[in-house]
Amino acid sequence: DFDNKAGDIMISENYKRQLINEVKQIDVTLGQTAYLEKLAREITDEQNDKAVLDLLKNLGILTKKQFVPNMEQKQENIVEILYKYLGASKVDELFQDLKEESSNVSIDELLNQLNGLVGLRNVKEQVCDLIDYNKIQHLRVKNGLKKSNKTLHMAFSGNPGTAKTTVARIVGRMYKAIGLLSKGHFIEASRTDLIAEYQGQTAIKVKRLINRAKGGVLFIDEAYSITENANSDSYGRESLTELTKALEDYRDDLVVIVAGYTNLMEEFFESNPGLKSRFNTFISFSDYSLDELVQIFNYTCNQNDYVAEEQAIENVRDLLQTKLNEKDNHFANGRLVRNLFDDITLNQSKRLSKLTRHISKESLMLITKEDIPQNS
């Protein structure tokens, strides 16, 4: 184990040297005083995610403007080193943040996205009211008037698969569109992102996550898992204390949305004095009705270039009704429909692959009653 860890440290140091050497060369070519090198050292010495985003942005600008010879190749080399140094999933996540940060979508377009979601009437009304309220508060500030002391933080409660994450993403971009958030990017976190393995490291881990989320939305699904062992989990309590402090300290340019099962969310808010008072908006997500689940199925087909024949849709309806009758606390709502869609398209592929004749475009698109799984 010791030898493995020593080997990992050596590899990490090697990538660190490569990264700094690459950016130094660009700094020298541009005649600037170690600007990119400073960002690289913040990445390697402080694990600063914002520095990664800043470095990626600068590389993109330099590549586009062609200030540096062979800049495209240099950019590729640096990104490859980052992948090796930070890990592919981490860099992919940061690229997604960068993409969301740079995208500007109008409030009308985002309202159309929200209203285009199946069902969720109560949710849509609350979100629209919230946007109207915050638009006016923002205008008051621009006109030198006092604004309300309400925070932007929100709590979503409901069963899995009720579009909580989707709505959270849209809300973040809405807040950016009306000028409340500087970036509007979206970061999803769980217990493992908020709690460290060793004593004293949890607060640092939470601070880094908050630092990365500033200007956007931090979405914590199953937030109650932070305090799932309330009596014995000192790390969970430490994480929640740090999170509660951040909710107040960064309230002007950070939205934290916590989500989870209704009953467990109530327990979560009781676990820390003052936690609930940091949240002003509580939205309940109802389970989808049978008609709404069928609507989601038809929408999913349409989005993926499939058309279901009438009898196939009736069979889907029957299957979903059976699932609704059997549902328990783990009933997955919209996810159930997406999983069913995957099973149906697999069955369609198996049926079509047995055909010896030419398979037409229409056949590739059509879902028939034979493709629908039997009730079990």
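Here the structure is a predicted model, which means the values were calculated and not measured.

Analysis parameters
Residues numbered from 1 in each chain as written. Predicted model: local features only at pLDDT ≥ 70, side-chain atom pairs only at ≥ 80, totals over all residues. Heavy atoms only, no water. Helix = DSSP H or I, 4+ residues; strand = E, 2+ residues; numbered from the N terminus. Contact = heavy atoms within 4.5 Å. Areas by Shrake-Rupley, 256 points an atom, 1.4 Å probe, with all protein chains shown as cover. Phe/Tyr/Trp six-rings, centres within 6.5 Å; stacked < 30°, edge-to-face > 60°. Buried < 20%, exposed > 50% of the residue type's maximum accessible area, 1.4 Å probe, protein only. 1 Å grid on protein atoms, 1.4 Å probe; cavity = no way out; pocket = protein on both sides within 12 Å on 5 of 7 lines; lining within 4 Å. Points joined across faces, edges and corners; volume = space filled by probe spheres on them. Nonpolar A, V, L, I, M, F, W, Y, C, P; charged D, E, K, R; others polar. Pairing = 2+ DSSP bridges. Axes fitted to C-alpha atoms, helices over the stretch in contact; angles between N-to-C directions. Core = buried A, V, L, I, M, F, W, Y, C linked by side-chain atoms within 4.5 Å. Expected span 1.5 Å × (residues − 1). Arc of directions from axis to C-beta. Parallel < 35°, antiparallel > 145°, perpendicular 65-115°, else oblique. Left-handed = near helix turned anticlockwise from the far one by under 90°.

## Focus on the overall build of the chain
Logical step 1: The helix and strand tally for the chain stands at 16 helices and seven strands.
Logical step 2: Across the chain, the fraction of contacts at a sequence separation of at least 24, relative to all contacts at a separation of at least 6, is 74%.
Logical step 3: Carbon and sulfur atoms make up 47% of the accessible area of the chain, which totals about 20600 Å².

## A look at the packing of aromatic side chains
Logical step 1: Going through the model one piece at a time under the given rule, you end up with six aromatic pairs.
Logical step 2: On the numbers, 5.3 Å between centres and 75° between planes, the contact of Phe 269 with Phe 279 is edge-to-face. In this pair, Phe 269 sits in helix 12 (residues 262-270) while Phe 279 sits in the loop between helix 12 and strand 5 (281-285), placing the two residues 10 residues apart along the sequence.
Logical step 3: Looking at Phe 269, the relative accessible area reads 10%, which means it is buried.
Logical step 4: For Phe 279, a relative accessible area of 4% gives the class buried.

## Quick word on the layout of surface pockets
Logical step 1: Considered as a void within the structure, the second largest pocket measures approximately 460 Å³ in volume.
Logical step 2: Along the wall of the second largest pocket there are 19 residues; nearest its centre are Leu 117, Ala 163, Thr 166, Tyr 288 and Arg 338.
Logical step 3: Ranked by the residues each element gives to the lining of the second largest pocket, the list is headed by helix 13 (residues 290-303), at four residues.
Logical step 4: Residue composition of the lining of the second largest pocket, grouped by class: seven nonpolar, eight polar and four charged.

## Comments concerning the sheet that holds strand 2 (residues 186-189)
Logical step 1: Spatial strand order, 2-3-4-1-5: five strands in an open sheet with parallel pairing. Looking at strand neighbours, the two that pair on one side only are strand 2 and strand 5, the edges of this open sheet. Within this sheet the neighbouring strands show an average axis-to-axis angle of 20°, counted without direction.
Logical step 2: Where strand 1 (residues 154-158) and strand 5 come together, five bridges link them in parallel fashion. Bridged to Met 154 within strand 5 is Thr 281.
Logical step 3: Of the strands in this sheet, strand 1 and strand 5 touch helix 7 (residues 121-142), which is tilted by about 160° from strand 5.

## Some thoughts on the nonpolar core
Logical step 1: Grouped together as the largest cluster of nonpolar side chains are 52 residues, with contacts concentrated most on Val 127, Phe 156, Val 167, Tyr 175 and Leu 320.
Logical step 2: Once residues lying within four places of it in the same chain are set aside, the contact partners of Leu 320 are Leu 290, Leu 293, Val 294, Leu 336, Val 337 and Leu 340.
Logical step 3: Grouped together as the second largest cluster of nonpolar side chains are 27 residues, Ile 210, Ala 213, Val 256 and Leu 275 included.

## With respect to the side chain of Gln 137
Logical step 1: With respect to the helices and strands, the residue Gln 137 is situated in helix 7.
Logical step 2: On the basis of relative accessibility, which here comes to 13%, the residue Gln 137 falls in the buried class.
Logical step 3: Residues in contact with Gln 137, not counting those within four places in the same chain, are Lys 147 and Ser 148.

## A short note on helix 4 (residues 71-86)
Logical step 1: Relative to the 22 Å expected for 16 residues at 1.5 Å per residue, helix 4 spans 22 Å between its end C-alpha atoms, a close match to the ideal helical length.
Logical step 2: Among the residues of helix 4, those classed as buried are Met 71, Lys 74, Ile 78, Val 79, Ile 81, Leu 82 and Tyr 85. Seen end-on, helix 4 carries its buried residues on one side only, within an arc spanning 160°.
Logical step 3: Where helix 4 ends, the next residue or the one after it, Gly 87, has phi of about 100°, a positive value.

## Structural notes on unusual backbone geometry
Logical step 1: The phi dihedral of Glu 222 falls on the positive side, at around 50°, and the residue is not glycine.
Logical step 2: For Glu 222, a relative accessible area of 44% translates into the label partly exposed.
Logical step 3: Its identity is not glycine, yet Asp 305 carries a phi of approximately 60°, on the positive side.
Logical step 4: Relative to the elements of secondary structure, Asp 305 occurs in the loop between helix 13 and strand 6 (307-308).

## Some points on the packing of helix 7 against helix 8 (residues 164-177)
Logical step 1: Across the interface, helix 7 lies against helix 8 with an axial gap of 11 Å and an inter-helix angle of 15°. Judged by the inter-axis angle, helix 7 sits roughly parallel to helix 8. For the crossing formed where helix 7 meets helix 8, the hand is right-handed. Taken together, the residues of helix 8 that come into contact with helix 7 (itself represented by Val 123, Val 127, Leu 130, Ile 131 and Asn 134) are Val 167, Val 171, Met 174 and Tyr 175.
Logical step 2: When its residues are assigned to classes, the contact of helix 7 with helix 8 shows eight nonpolar, one polar and no charged.

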